[in-house]
Amino acid sequence: MNKYLSLLNELGLKTRFTSVTAVTLHQSLNMSGWCGIKSLKCLCETGDAYDVDIRYAWGSEIFKQNLFDHGWNETTLLHKKRLDKSKFHKIIIYLCEYSTKIDFDSKFEKVPIRYILGCYWSTIQHIYLRLPICHPFNLSNLINISTLNSYASYATTRMLSPEKPSVESAKKMRTMLFLPPHPQRIAEGGLRKKGLFKHPNNEKSLISVITVVFNGEKYIEQAIQSIINQSYKNLEYIIIDGGSTDSTIEILQKYDDQIDYWISEPDLGIYDAMNKGTLLALGSHTLHINADDILFSHNSLEIDYKTNLNYTSNILIYFEKEQIFYKSLT
């Protein structure tokens, strides 16, 4: 335990850790650009408790996964509200190869409170440490994993083609590639605007995920991250914004290379926006994920549609005033 304690106290945090109470293997499945090493449970001198995740990172994808981590579950996220007065925190430490393209030896980022899901952690902090550094972890057994996964990229960038869907196929599906001009359009972007498209595939049906949003800066980025980091290989993502006046548009621009098509313009409400998204969907299946929704699992879209069209096993709805609705649908 002392070797982990020494690492934490040498990070330069204002907090001084007094003990490491548990060490386990990192529970999250591998994601593009990083894989988990260890998870620590720690106490500091003020009595506050910390969850500390140690991750090995080899790709710049980590910067578009730092708000969302597949492996959430309702028990951890919603049911473990602490009844005592002590605070509970989370720290995520990335041990970064040069291939992550970071240009600093160390970087500390505190996650804004509006991005913290659920009621479990009081604060979340990300720490990026560029290798080589002194640490107690054996990274040699992770190299092969990184080699295999470094080509995985995001779910929305795996099966791109410069070939446009034919006019005939679009008409047959009653769909369109772009929305018609709008006199009050604010912005428009995505992979389609760059001349890159998705197509149905004999082995993998094209799934169209649609998100509608208006002034959703608090939640939209985690929704995006939960979708672009899916394991499913043939996925397109469409976002319809109703003309947001907060930072939503800036967030969409940040993910311009991972979203197939996004647009910001006034609409007639949520159903008008959903209809716009449906008109743009090229997939044989569509899924509406609201701006304040997330997909808990990395393989949420790995569904055998031919044998199990009613696949969904459960739904979880969270209300900020600690009201929780959980219902099994099977």
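So, here's what we can say about the structure.

A word on the side chain of Gln222. Relative to the helices and strands, Gln222 is located in helix 5 (residues 220-228). Residues in contact with Gln222, not counting those within four places in the same chain, are Leu67, Phe68, Tyr115, Leu117 and Ile294.

The strand order across the open sheet formed by 6 strands is 1-2-3-4-6-5, and the pairing between neighbours is mixed. The sheet is open, and its two borders are formed by strand 1 (17-25) and strand 5 (106-110), each paired with just one other strand. Neighbour-to-neighbour, the strand axes of the sheet open up by a mean angle of 20 degrees, direction not taken into account. One ladder, built from 9 bridges, connects strand 2 (residues 34-44) with strand 3 (residues 49-57); its direction is antiparallel. By the bridge assignment for strand 3, Leu43 is matched with Ala49. Its contacts with the sheet put helix 1 (residues 2-9) on strand 1, strand 2, strand 3 and strand 4 (88-96), and the angle it makes with strand 1 is roughly 120 degrees.

This part takes up the pairing of strand 9 (residues 235-241). Most of strand 9 sits out of view: 7 of its 7 residues are buried. Here strand 8 (residues 207-213) pairs with strand 9 via 7 bridges, running parallel. By the bridge assignment for strand 9, Ser208 is matched with Glu236. Regarding topology, helix 5 serves as the crossover connection from strand 8 to the parallel strand 9, and that connection is right-handed. Assessed by its sense of winding, the connection that carries the chain from strand 9 through helix 6 (residues 248-254) to strand 10 (residues 261-264) is right-handed.

The rules behind these values
Residues numbered from 1 in each chain as written. Predicted model: local features only at pLDDT ≥ 70, side-chain atom pairs only at ≥ 80, totals over all residues. Heavy atoms only, no water. Helix = DSSP H or I, 4+ residues; strand = E, 2+ residues; numbered from the N terminus. Contact = heavy atoms within 4.5 Å. Pairing = 2+ DSSP bridges. Axes fitted to C-alpha atoms, helices over the stretch in contact; angles between N-to-C directions. Buried < 20%, exposed > 50% of the residue type's maximum accessible area, 1.4 Å probe, protein only. Right-handed = clockwise from strand over helix to strand, strands pointing away.

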